[in-house]
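# Structural description and commentary
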Amino acid sequence: MLDEEGLRQAVLKGDRDSVRTFVTAALDTGVDAVKILNAGLLPAMDVVGKRFGAKQIYISEVLLSARAMHAGLALIRPALARAGGGADTKPVVVLGTVKGDLHDIGKNLVGMMLEAGGFTVVDLGTNVSAQKFIQAVNEHGAQVVGLSALLTTTMREMRQTLAELRRSAGTVKAVIGGAPVTQEFADTIGADGYAPDAASAVARIKELVAPA
Ligand code: B12
């Protein structure tokens, strides 16, 4: 059984131990990992983001909530990966936060949802240079590269990274996201796709890898 409200409150309070307790109890009783993500962890982080935006909480509280959410994500990760299906033929997505940018909460959510959606995710972390993206795309034969940026300054880096990917990483499709990023910006820099959140990121990337 999943105590949805209990789990959400635990994330909101940044109570890592309680998050682990709720998630473990849910997994032990056979609750689907995707449900734990969609009914508990994601909506709670959404509330955290809104409260921060409305100046109701401090950044330290955001970080505590993010840490608690990650403790829950770590527990459901194996089940999410299994939910993604068979082993060999999964399309590969290289994911990372662009150079100069250390924000990774949203990018990690996108990665988790992609794994649950049947993709193999190569997560390069944060502060990733164009060269590292190119190397990983070529090494893993990725069909898609996902770039995340949370700062208006690093959106510029996104443009530069995309230009270098176009020169050196073949036909890889590029999808971008992050709070300041818009569809209009994606069109301006020539990205193949944009998504405002993790669920629509999966849908957009599925469209891009679908056979024409
Ligand atoms: C948490 C946070 C931090 C944490 C980051 C911790 C971490 N591990 O990520 C810390 C404290 C380190 C931090 C640092 C800084 N931060 Co900060 N931070 C935030 C905060 C509060 C929340 C971001 C977040 O995690 N949101 C929750 C997630 C779930 O949402 P998301 O990231 O948007 O992701 C979703 C979508 O955008 C999308 N998505 C994300 N990535 C991708 C990728 C792809 C491919 C796709 C398709 C979709 C997608 O899907 C996600 C899931 O739904 C925001 C404020 C805000 N409300 O956004 C400020 C904010 C982003 N930070 C800001 C600033 C200024 C900074 C600092 C410069 C502060 C400073 N003076 O030092 C530094 C920069 C450090 C650096 N070089 O990166 C500003 C940016 C302003 C701007 N327009 O440029 C913001 C907006 C705060 C503000 N209002 O001023 N920050």
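Up top you'll find the structure we're talking about.
Residues numbered from 1 in each chain as written. Predicted model: local features only at pLDDT ≥ 70, side-chain atom pairs only at ≥ 80, totals over all residues. Heavy atoms only, no water.

## Re the pattern of salt bridges
Taken as a whole and judged by the stated rule, the model has nine salt bridges. Where D46 meets K50, a salt bridge forms, and the shortest distance between an N and an O atom there is 3.0 Å. Of this pair, D46 and K50 are both found in helix α3 (residues 33–53), four residues apart, which corresponds to roughly one turn of the helix. Relative accessible area serves as the criterion here: at 43%, D46 is assigned to the partly exposed category. Two residues, R166 and D192, come together in a salt bridge whose shortest N-O distance is 3.1 Å. In this pair, R166 is assigned in helix α7 (residues 152–168) and D192 in the loop between α8 (183–189) and β5 (193–194), connecting sequence segments 26 residues apart. Here the salt bridges share partners, and the residues they tie into one network are E4, E5, R8 and K35. (Salt bridge = Lys/Arg side-chain N within 4 Å of Asp/Glu carboxyl O. Helix = DSSP H or I, 4+ residues; strand = E, 2+ residues; numbered from the N terminus. Buried < 20%, exposed > 50% of the residue type's maximum accessible area, 1.4 Å probe, protein only.)

## Here we look at the side chain of S65
Structurally, S65 is set in helix α4 (residues 59–83). S65 gets classed as buried once you look at its relative accessible area, which sits at 1%. Here S65 is in contact with V11, L12, G14, M45 and V48, once residues within four sequence places are set aside. (Contact = heavy atoms within 4.5 Å.)

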